[in-house]
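A structural walkthrough
The residues making up each chain are set out below.
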Amino acid sequence: MIVSGASRGLGAALARRFAAPGVTLGLLARGEAGLRETAAACEARGARVRVAVLDVRDAAGVAEAVLGWDAEAPTALVVANAGIAAGRRPDGTAEGVADVAAQVSVNLLGAVNLVGPLLPAIRARGAGRIGLVASVAAFRGLPDSPGYCASKAGLWAWGEAIRADLRGTGAGVTLIAPGFFESDMGRAWRGGRPFSLSTEAAAARVERALRRGRPSCAFPLPLVVGLRALSLLPAPLADRAVRLLRFRIAEGG
């Protein structure tokens, strides 16, 4: 199993949940201290752990790491989890071009950098699962976080495409769209957090979907249904509705 963004939050929780005797983990993250902490916790559960302190925007570095790991032990599961969030700041300042570019680079292209190099081997083996952690924000553009929504919508569309392409090969893709859960990113959010879960509760749902080979995992249901339903409304009504969902994102999201 390979997981990006494994130094904290959902990525670290998933790594711990899959860690067990006989399991080989490849963990990537920018934060070395948190990454080492996750690795130690996984090793304590009996897993063999390899780590790479990398930014997922480093396409060459990520490809070298994951292909090296895959050559040692074929990848049964890869989870693209690393992500960042920007948006309208507490003082009302809207996100700029650099903010949008950074989110697309990490949330979308970072996932492609992680998964893309492994796709030929996964296809050739006819085995393996790809987990892509998007967000319920992929289902509707929100006026206070256009860059984040765009990056996650792009990831969702990319995942749908490779899932369809891999159909019938024996390999598969699980698209993951969590709502609110406790995390550093979540703590940067300034606004309502309906149906928020603990990190472990969110990780449990994602783990179950991955182990069962589900094509998608989106939660909580009321939030998913509500955002999906907006696409059925006339644009003026839908736009008016999302303007009721105002929020701010503090630095460090």
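The structure contained in this document is the topic of the report that follows. (Residues numbered from 1 in each chain as written. Predicted model: local features only at pLDDT ≥ 70, side-chain atom pairs only at ≥ 80, totals over all residues. Heavy atoms only, no water.)

1. Overview of the pattern of salt bridges
- Counted under the stated rule, the structure contains 15 salt bridges.
- Residue Asp239 is joined to Arg140 by a salt bridge in which the shortest nitrogen-to-oxygen separation is 2.6 Å. In this pair, Asp239 is assigned in helix H10 (residues 235-242) and Arg140 in the loop between strand E5 (129-133) and helix H6 (146-166), connecting sequence segments 99 residues apart.
- Residue Arg246 pairs with Asp144 through a salt bridge whose shortest N-O separation is 2.8 Å. One end of the pair, Arg246, is in the loop between H10 and strand E9 (248-249); the other, Asp144, is in the loop between E5 and H6, with 102 residues separating them in the sequence.
- Arg246 gets classed as partly exposed once you look at its relative accessible area, which sits at 33%.
- What makes Asp144 buried here is its relative accessible area of 1%. (Salt bridge = Lys/Arg side-chain N within 4 Å of Asp/Glu carboxyl O. Helix = DSSP H or I, 4+ residues; strand = E, 2+ residues; numbered from the N terminus. Buried < 20%, exposed > 50% of the residue type's maximum accessible area, 1.4 Å probe, protein only.)

2. Some remarks on the layout of surface pockets
- A volume near 200 Å³ is recorded for the second largest pocket.
- Forming the boundary of the second largest pocket are 14 residues, of which Met1, Val23, Thr24, Ala76 and Leu77 lie nearest the centre.
- Across the lining of the second largest pocket, the residue classes break down as 9 nonpolar, 2 polar and 3 charged. (1 Å grid on protein atoms, 1.4 Å probe; cavity = no way out; pocket = protein on both sides within 12 Å on 5 of 7 lines; lining within 4 Å. Points joined across faces, edges and corners; volume = space filled by probe spheres on them. Nonpolar A, V, L, I, M, F, W, Y, C, P; charged D, E, K, R; others polar.)

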